[in-house]
Amino acid sequence: MAIDSRYKMSQERLDTLKEELHYLETTREKEVAELIKEARSFGDLSENSEYDEAKTEQGKLYSRIAEITDLIEKAACACSMSTRTWKRSTPSSARRRPTPWKAAFRMTVRSALRSRVTKSVRPSRSQPRSASCSSRSLPSKTKTEEPIMNEERKNQQAAAEPSLSEILQIRRDKLKALQDAGRDPFVQTRFERSAYSADIKNDFDAYDGKTLQAAGRIMSKRGMGKAIFCDIQDDRGQIQLYVRKDAVTEQEFADFRKYDIGDIIGVSGYAFKTKTGEISIHVQQVTLLSKSLRPLPEKFHGMTNTELRYRQRYVDLIMNPESKRNFQIRSQFVAYLRRYLDGLGFMEVETPVLSPIAGGATARPFITHHNTLDIDMYMRIATELHLKRLIVGGIERVYEVGRIFRNEGMDTKHNPEFTTCELYQAYTNLDGMMDILEGILSGAAKEILGTYQLQWLGHDVDLTPSWRRVTMADAVKDVTGADFMAILGDADAAVALAKSVGVDMENVAHTWGNALYETFDQKVESTLIQPTFITMYPVEVSPL
């Protein structure tokens, strides 16, 4: 039976996983619990970015624990299976040879030993050699030669590679040469495009052999004498270009050879398939539309610096298709949200961003000053108050997709300004609101992703309608067996019941509602994988 390569590991690797698992289940789990407890002390949990971040960290922790547990269990099984299979199918004379994955591990160990030996003084002939430093494991060069040669090689490579300032100057020189020759790429401000890369690839028969115009950014370039291949990227994907010297003018081909990665070009030609079957455009005319004066990140590693990705979103969008996909999904979701609510008879409105009071939620506002009125005003922290006034005024179904501003902490998942959708409807209750929310999320998944099934943090999630709806007390009882409804209103009994199932009640008000919520928060929430509505929150943790 074939063994998955992920589970083939050395004993050292197995021990490392066990140590990590022990650390996660003891020290790290306590640290995350402390973060959650500290975040809860900041107030309103529904508007608490620190709490959301701590809960996300808890979810990642549990996912990692499950992953390591699976690896350890499967690794033990893999080791025993490989041993049985080896003894059963291999003659005794060959059993001393290691299996391929063991051999690879031994080679890694030997390489590590060699690197350690090169940093030490080579022993004299009179000194005994240890088993780890046998003549077979030592390189032929002396131990001082190899580091020196490696250093020289690095210096040669660094000298051969131009610095960033040199690259910038070279590109500016190319632009100046074009401008001096009267071919300034920034003069042409319009290019008529007849096809996108995705259109050509998805419906090749409609474009095969027909003249078309395409445009995009050069992402790669490969020269082959009198022919050059390159890939351009437009708004919908990438496609290969084939530029032959005898298919374009001599000037166009000479210019094209000098174009850099990142330049934006427009081409005219016809679609065809190469000998390898790749759909491409045979270029007959090429025009430089924009000169890239800064180099893009290195092709194979892309843009890996997280902070830089957020600071330079435009570069992130060029290099990482998944980032562009996130933008597309968000736009499609907001459009679907509006269509869905409009279809239910809701009216979209716009309410004031500046307000003389900070209301509608518990959050620290941004304060500005109105010069004409000479008063301080607050940027809204919620759209709630104005929307409720519209309900009072007789607009029975109203919503707003609006920008909110909260002068609080920030990280990669929480921004001081963000977008929310608040909606209000007369003559309904929480069941009607749950119906709307379920319809929005499940319908958007089906329309945008084409399926109700998706993966999140390593779990398979099913967004098929008819989601589970359960009260908080019943959810706690289902998971822990603790029946808080049997002691409704008895604070002391509730605290004792919570502690009996392992809930930490330190620094928490000893009330019936807090005991129920803490039990749900610490023992139940992490078990809810499929979409579930939790209702009937205790009043102690309900901000409004």
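Above this text you will find the structure in question.
Basis of the calculations
- Residues numbered from 1 in each chain as written.
- Predicted model: local features only at pLDDT ≥ 70, side-chain atom pairs only at ≥ 80, totals over all residues.
- Heavy atoms only, no water.
- Axes fitted to C-alpha atoms, helices over the stretch in contact; angles between N-to-C directions.
- Helix = DSSP H or I, 4+ residues; strand = E, 2+ residues; numbered from the N terminus.
- Parallel < 35°, antiparallel > 145°, perpendicular 65-115°, else oblique.
- Left-handed = near helix turned anticlockwise from the far one by under 90°.
- Contact = heavy atoms within 4.5 Å.
- Nonpolar A, V, L, I, M, F, W, Y, C, P; charged D, E, K, R; others polar.
- Buried < 20%, exposed > 50% of the residue type's maximum accessible area, 1.4 Å probe, protein only.
- Pairing = 2+ DSSP bridges.
- Arc of directions from axis to C-beta.
- Salt bridge = Lys/Arg side-chain N within 4 Å of Asp/Glu carboxyl O.

J.: Honestly, the packing of helix α15 (residues 491-500) against helix α16 (residues 512-524) in this entry has me stumped. Any pointers?
T.: A packed helix pair is summarised by two numbers, namely the angle formed by the two axes and the spacing between the axes. The N-to-C vectors of α15 and α16 enclose an angle of 15 degrees; their axes lie 8 Å apart at closest approach. One finds that α15 runs roughly parallel with respect to α16. Where α15 crosses over α16, the two elements pack in a sense that is left-handed. Along its contact with α15, which presents A491, A494, V495 and A498, the element α16 presents W512, A515 and T519. Considering only residue class, the contact of α15 with α16 consists of six nonpolar, one polar and no charged.

J.: Looking at this model, I keep getting lost on the pairing of strand β10 (residues 397-405). Mind explaining?
T.: Two faces, one strand: in a regular strand the side chains alternate between the faces of the sheet. Most of β10 is tucked away: seven of the nine residues are buried. Of the pairings in the sheet, the one linking β10 to strand β11 (residues 417-425) comprises nine bridges and is antiparallel in character. Note that in β11 the partner of I404 across the bridge is F418.

J.: Quick question: what am I supposed to make of the sheet that holds strand β6 (residues 347-348) here?
T.: Strands belonging to one sheet form pairs held by backbone hydrogen bonds; the direction of such a pair is parallel or antiparallel. Strand order in the open sheet formed by three strands is β6-β10-β11, and the pairing between neighbours is mixed. At either margin of the open sheet sits one strand with a lone partner, and together these are β6 and β11. Bridging between β6 and β10 involves two bridges; their strand directions are parallel. Within β10, the residue paired with E348 across the bridge is Y399. Each of β10 and β11 is contacted by helix α12 (residues 384-392), which is oriented at about 20 degrees to β11, the strand it contacts most.

J.: Can you help me understand the pairing of strand β12 (residues 453-456) in this one?
T.: Summarising the sheet, β12 and strand β13 (residues 459-462) pair through four bridges and their orientation is antiparallel. Each bridged residue has a counterpart across the sheet, and for L454 the counterpart in β13 is V461. Counting the residues between successive antiparallel strands, the hairpin from β12 to β13 contains two residues, one of them, L457, with a positive phi of roughly 55 degrees.

J.: What should I look at first to understand helix α14 (residues 472-480) in this one?
T.: Within an α-helix, residues lying three or four positions from one another point in the same direction, as the helix has 3.6 residues per turn. Every buried residue of α14 is accounted for by M472, A473, A475 and V476. An end-on view of α14 places all buried positions within 160 degrees of arc, on one side of the element. In this structure, the buried residues of α14 make contact with β14 (468-471), α16 and β15 (532-535).

J.: Looking at this structure, how should I read the pattern of salt bridges?
T.: Pairs can form between side chains of opposite charge once their charged atoms are near each other. Counted under the stated rule, the structure contains 24 salt bridges. Between E20 and R64 there is a salt bridge whose closest N-O contact spans 3.0 Å. Taken as a pair, E20 in helix α1 (residues 11-40) and R64 in helix α2 (residues 49-89) lie far apart in primary sequence, 44 residues in all. The class for E20 is partly exposed, based on a relative accessible area of 25%.

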